[in-house]
Amino acid sequence: MDLKKNNEENLDNNELSIELSEEMAEGVYSNLAIITHSNSEFVLDFIRIMPGIPKAKVKSRIILTPEHAKRLLGALQDNVNRFEAQSGPIKTNEPTMPLNFGPTGEA
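Residues numbered from 1 in each chain as written. Predicted model: local features only at pLDDT ≥ 70, side-chain atom pairs only at ≥ 80, totals over all residues. Heavy atoms only, no water.

Caption draft 1: Structural context of the sheet that holds strand β1 (residues 32–37). Across the sheet, which stays open at both edges, the three strands sit in the order β1-β2-β3 with antiparallel pairing between neighbours. On the outer flanks of this sheet lie β1 and β3 (57–64), each paired with one strand and no other. Put simply, the sheet's adjacent strands are angled 20 degrees from each other on average, direction ignored. Across six bridges, β1 lies against strand β2 (residues 42–48) in antiparallel orientation. Within the sheet, the bridge partner assigned to His37 lies in β2 and is Phe42. With respect to the sheet, helix α3 (residues 66–87) is in contact with β2 and β3, its orientation differing from that of β3 by roughly 110 degrees. (Pairing = 2+ DSSP bridges. Helix = DSSP H or I, 4+ residues; strand = E, 2+ residues; numbered from the N terminus. Axes fitted to C-alpha atoms, helices over the stretch in contact; angles between N-to-C directions. Contact = heavy atoms within 4.5 Å.)

The structure is reproduced here in structure tokens:
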């Protein structure tokens, strides 16, 4: 069966085949997210801060449409609710740095 026909059948059945490479499956650790937005996109920068190191690098950047950002918000909330139902409430500490930035990226 050719790829085009297979993809059309998957879409008809509401199935999506997703490929995950070994490198991507390893993931990237992040302990800070900075979110900026314009009227047409949301930008999520994932950063790793290490103790004693004054400079941190963006490890991954994801750019989303506002519609997809809202879908991501809902999906995250749903997954947090499921996790807490199984494992109990997630404890959070007050952030030491702002995690949400305005349209221009300024705190």
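Caption draft 2: The arrangement of α3 in detail. Compared with an ideal rise of 1.5 Å per residue, which puts 22 residues at 32 Å, α3 spans 31 Å between its outermost C-alpha atoms and is within 8% of the ideal. Among the residues trailing α3, Gly88 stands out with phi positive, at a value near 95 degrees. (Expected span 1.5 Å × (residues − 1).)

Caption draft 3: Quick peek at the pattern of salt bridges. Evaluation of the coordinates by the stated rule reveals three salt bridges. The shortest N-O distance in the salt bridge between Asp45 and Arg61 comes to 2.6 Å. Here Asp45 is found in strand β2, whereas its partner Arg61 is found in strand β3, with 16 residues between them in sequence. By relative accessible area, which is 10% here, Asp45 ends up buried. Residue classification places Arg61 among the exposed residues on the basis of a relative accessible area of 52%. In this structure, the salt-bridge partner of Glu67 is Arg71, at a minimum N-O distance of 2.7 Å. Separated by four residues within a single helix, Glu67 and Arg71 lie in helix α3, roughly one turn from each other. (Salt bridge = Lys/Arg side-chain N within 4 Å of Asp/Glu carboxyl O. Buried < 20%, exposed > 50% of the residue type's maximum accessible area, 1.4 Å probe, protein only.)

Caption draft 4: Representation of the pairing of β2 in the model. Linking β1 back to β2 in an antiparallel pair, the connection comprises four residues. Relative to β3, β2 is paired through seven bridges, and the arrangement is antiparallel. Among the inter-strand pairings, Asp45 is bridged to a residue of β3, identified as Arg61.

Caption draft 5: How the structure looks around the confidence of the model for the chain. Scored by pLDDT, the chain has a mean of 85; 76% of the residues are at 70 or more. Predicted confidence in the chain is weakest over helix α1 (residues 3–12), with a mean pLDDT of 54, and strongest over α3, with 98. (pLDDT = per-residue confidence, 0-100.)

Caption draft 6: Summary view of the side chain of Asp45. A polar atom in the side chain of Asp45 sits 2.6 Å from the side chain of Arg61. Not counting residues within four places of it along the chain, the set of residues in contact with Asp45 comprises Leu32, Ala33, Ile34, Val58, Ser60 and Arg61. (Polar contact = N/O pair within 3.5 Å; in protein donor to acceptor, adjacent residues only side chain to side chain.)

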